[in-house]
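Descriptive analysis of the structure
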Amino acid sequence: MTRARSLRASWPQYLAISPFYLLFTVFLLGPTLFSLYLAFHRWDGIGEMQYVGLDQFRYLIDDGTFWLSVRNTLVIWVLSTVPMLFMALVLAALLNNTKRFVGFYRVALFIPNITSVVAIAIVFGALFANNSGLVNVTLQGLGLSGIPWLTDPWAIKVVIAMLMTWQWTGYNALIYLAGMQSVPSELYEAAKIDGAGPVRAFFSVTVPMLRPIILFTVVVSTITGMQSFTEPQVLFGNNSAVNANSGGPGQAGLTMVLYFYRTAFGQNDYGYGAAIAWAVFLIVMVFTILNWRLVQRRAD
Amino acid sequence: MRKFLLHASLGVAVLLSLFPFYWTVVMATNTTQDVFRNPPKLTIGPHLVDNIQTVLQSVDLIAPIVNTILVAVCTTLLVLFFDSLAAFAFAKFDFPGRKMLFGLLLLMFMVPTQLALIPQFVIMAELGWVGELKALVVPAAANAFGIFWMRQYISSAVPDEMLDAANLDGAGFFRIYWSVILPVIRPGLAFLGIFTFIAAWNDYVWPLIVLLNPNKVTLQVALSQLNVGLKQDYSVLMAGALIGVLPLVILFVLFARNFIGDAIKGAVK
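Residues numbered from 1 in each chain as written. Chains lettered and ligands numbered in written order. Predicted model: local features only at pLDDT ≥ 70, side-chain atom pairs only at ≥ 80, totals over all residues.

Interfaces are often described in size by the accessible area the parts lose on coming together. Taken together, the contact pairs 75 residues of chain A with 71 residues of chain B. In terms of residue count, helix 2 (residues 11-38) of chain A provides more of the side of chain A that touches chain B than any other element does, 16 residues in total. Looking at side-chain class alone, the side of chain A that touches chain B contains 53 nonpolar, 20 polar and 2 charged residues. (Contact = placed C-beta atoms within 7 Å. Helix = DSSP H or I, 4+ residues; strand = E, 2+ residues; numbered from the N terminus. Nonpolar A, V, L, I, M, F, W, Y, C, P; charged D, E, K, R; others polar.)

Structure (structure tokens):
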């Protein structure tokens, strides 16, 4: 069949895939390219666009608030991802050793993942309220002093990280569990013959076999974790002492994407907003590749 | 003893996982004073109806719920149709440019959404769709994840012989899709449908940006407005949060068994 004829004969297939590519071109590819163009311009969305070359990026390099948001994001990412993936691995190992109640455990551990971040951020705001929130009341009941969760720069990051950990630990645990269940049992028997106990077998058989899956979860957690927005945006939305979208007192919860949102849609600075979006994209990409390398080398 | 420790540890994890839900119910059914006194009230109280009435007085949640259901149902139906149709073409047919087009689709996983947000908003403004629900539905009507996932599913769930038989009967592409493929891929559609519905229900960033008319918002945006408006009246706030969370939790528990398995499979692949 000639190429032209096979093209013509395939019209139903092209028609079938066309809605996605149409939407993709209009709402994703086009806008992405246009945002690159925007990053070299000054524009408030109404007036004339003005070409400014690399000025936005030069400004970005010296923008202390931007770098604060980068630091905040990285700290929150470490505070959430490290305990999240560690606990997920432990939970998966526990689940892998039992048949009873597994169906119930799976549902109970997965539910946080389908819960709306807006609602849960409101709930966490109440739980960690400085005055008489349940967490501080409990701490005081134990004879400890309460922690200013929603005003201290470090505590703010811890609360956001806990929220993310709460939402994603079960999801990652079930992914690890699926991976563990596909490890051939001969490998464990071989390890047993070599005299390895359960802990030893976990580190010498399970973890190496899970390597590709661990890599997957690290990459996903990097991409999603570094683009957190809703958690700080809602958590400090009801704090009348600070501006909306500030990320809380001292901007301690200001993440990169929240700063992007504030610049682009709070201040209508589209040009600078686009420059921030591209910087965020670059940072996330570099960080993802770094993590990828790190996990791969660890495993070798 | 070992089994006991194992279930005890898992029990603690389950407790931590479910406690925020329990606490939401406790706060929503008590008064703020009861929950925020020392020691706090830790049990379910009688004030749920009062709290819901107060919520509805401060923010209209009924219209946002209707909007959210409308957006989630329309998006889900469109995604199911367009994604499975495209997935069928990619899974079972060889046409010029197929590899390149599918590669382009996979590339879309990599592009972070916020890069496109500003121009998307500008486009919506040009179209006059700012503040309209179609600004949420139309861009989401087909997506890379669903096509990718359904392609895998169709490849493994539909044997080629089935298509050969239909081909011999002289049925065309769309006829085969409708009468042969659709009935076979129902379980796959169930997963993609629930997944899409949950994502549409919980979506926040884009609705926050584009639904600028405060009287026409989705539930998540309304909850966030409630949060800003009520400041620290937590019991009333929690009654709202409960309304935002409960429908999905019920939907999820009903379908959880298959859904979790499929969600994990999609990830592990």
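Viewed as axis vectors pointing N to C, helix 2 of chain A and helix 4 (residues 62-92) of chain B meet at an angle of 135°, and their least axial separation amounts to 8 Å. Relative to helix 4 of chain B, helix 2 of chain A is oriented oblique. As helix 2 of chain A packs across helix 4 of chain B, the resulting crossing turns out to be left-handed. On helix 4 of chain B, the residues that touch Q13, A16, I17, P19 and F20 of chain A of helix 2 of chain A are F82, L85, A86, F88, A89 and F90 of chain B. Of the residues contributing to the contact of helix 2 of chain A with helix 4 of chain B, the split by class is 10 nonpolar, 1 polar and no charged. (Axes fitted to C-alpha atoms, helices over the stretch in contact; angles between N-to-C directions. Parallel < 35°, antiparallel > 145°, perpendicular 65-115°, else oblique. Left-handed = near helix turned anticlockwise from the far one by under 90°.)

Glancing now at the UniProt feature "transmembrane region" (unreviewed entry) in chain A. If you check UniProt for "transmembrane region" (unreviewed entry), the listed places come out as residues 20-40, 74-95, 107-129, 154-178, 199-223 and 270-292 of chain A in our numbering. As annotated, residues 270-292 of chain A comprises 100% helix and 0% strand, and the C-alpha atoms at either end are separated by 32 Å. (UniProt positions renumbered as here; feature names shortened; annotations may be inferred.)

A separate point is the packing of helix 4 (residues 64-95) of chain A against helix 11 (residues 211-225) of chain A. Residues and elements named next belong to chain A. Packing of helix 4 against helix 11 brings their axes to within 11 Å, and their N-to-C directions diverge by 150°. Looking at the two axes, helix 4 sits roughly antiparallel to helix 11. Crossing hand, helix 4 versus helix 11: right-handed. Facing helix 4, whose interface residues are W77, S80, T81, M84 and L85, helix 11 presents T217, S221 and G225. A breakdown of the residues in the contact of helix 4 with helix 11 according to their chemical character gives 3 nonpolar, 5 polar and no charged.

On to helix 6 (residues 117-127) of chain A. Helix 6 of chain A sits mainly inside the fold: 11 of its 11 residues count as buried. Restricting attention to buried positions, one finds in helix 6 of chain A the residues V117, V118, A119, I120, A121, I122, V123, F124, G125, A126 and L127 of chain A. (Buried ≥ 20, exposed ≤ 12 C-beta atoms within 10 Å, placed from the backbone.)

Before going further, it helps to spend a moment on the UniProt feature "domain: ABC transmembrane type-1" (unreviewed entry) in chain A. Taken from the UniProt record, the annotation "domain: ABC transmembrane type-1" (unreviewed entry) applies to residues 70-291 of chain A. Taken end to end, residues 70-291 of chain A is 73% helix and 0% strand, and its first and last C-alpha atoms sit 17 Å apart.

Residue and element names in this part refer to chain B. With numbering aligned to this structure, UniProt lists the feature "transmembrane region" (unreviewed entry) at residues 65-90, 102-123, 135-154, 175-201 and 234-256. Regarding residues 65-90, the helix share stands at 100% and the strand share at 0%, and the terminal C-alpha atoms are separated by 36 Å. For the annotated span residues 102-123, helix accounts for 73% and strand for 0% of the residues, and the straight-line distance between the end C-alpha atoms is 26 Å.

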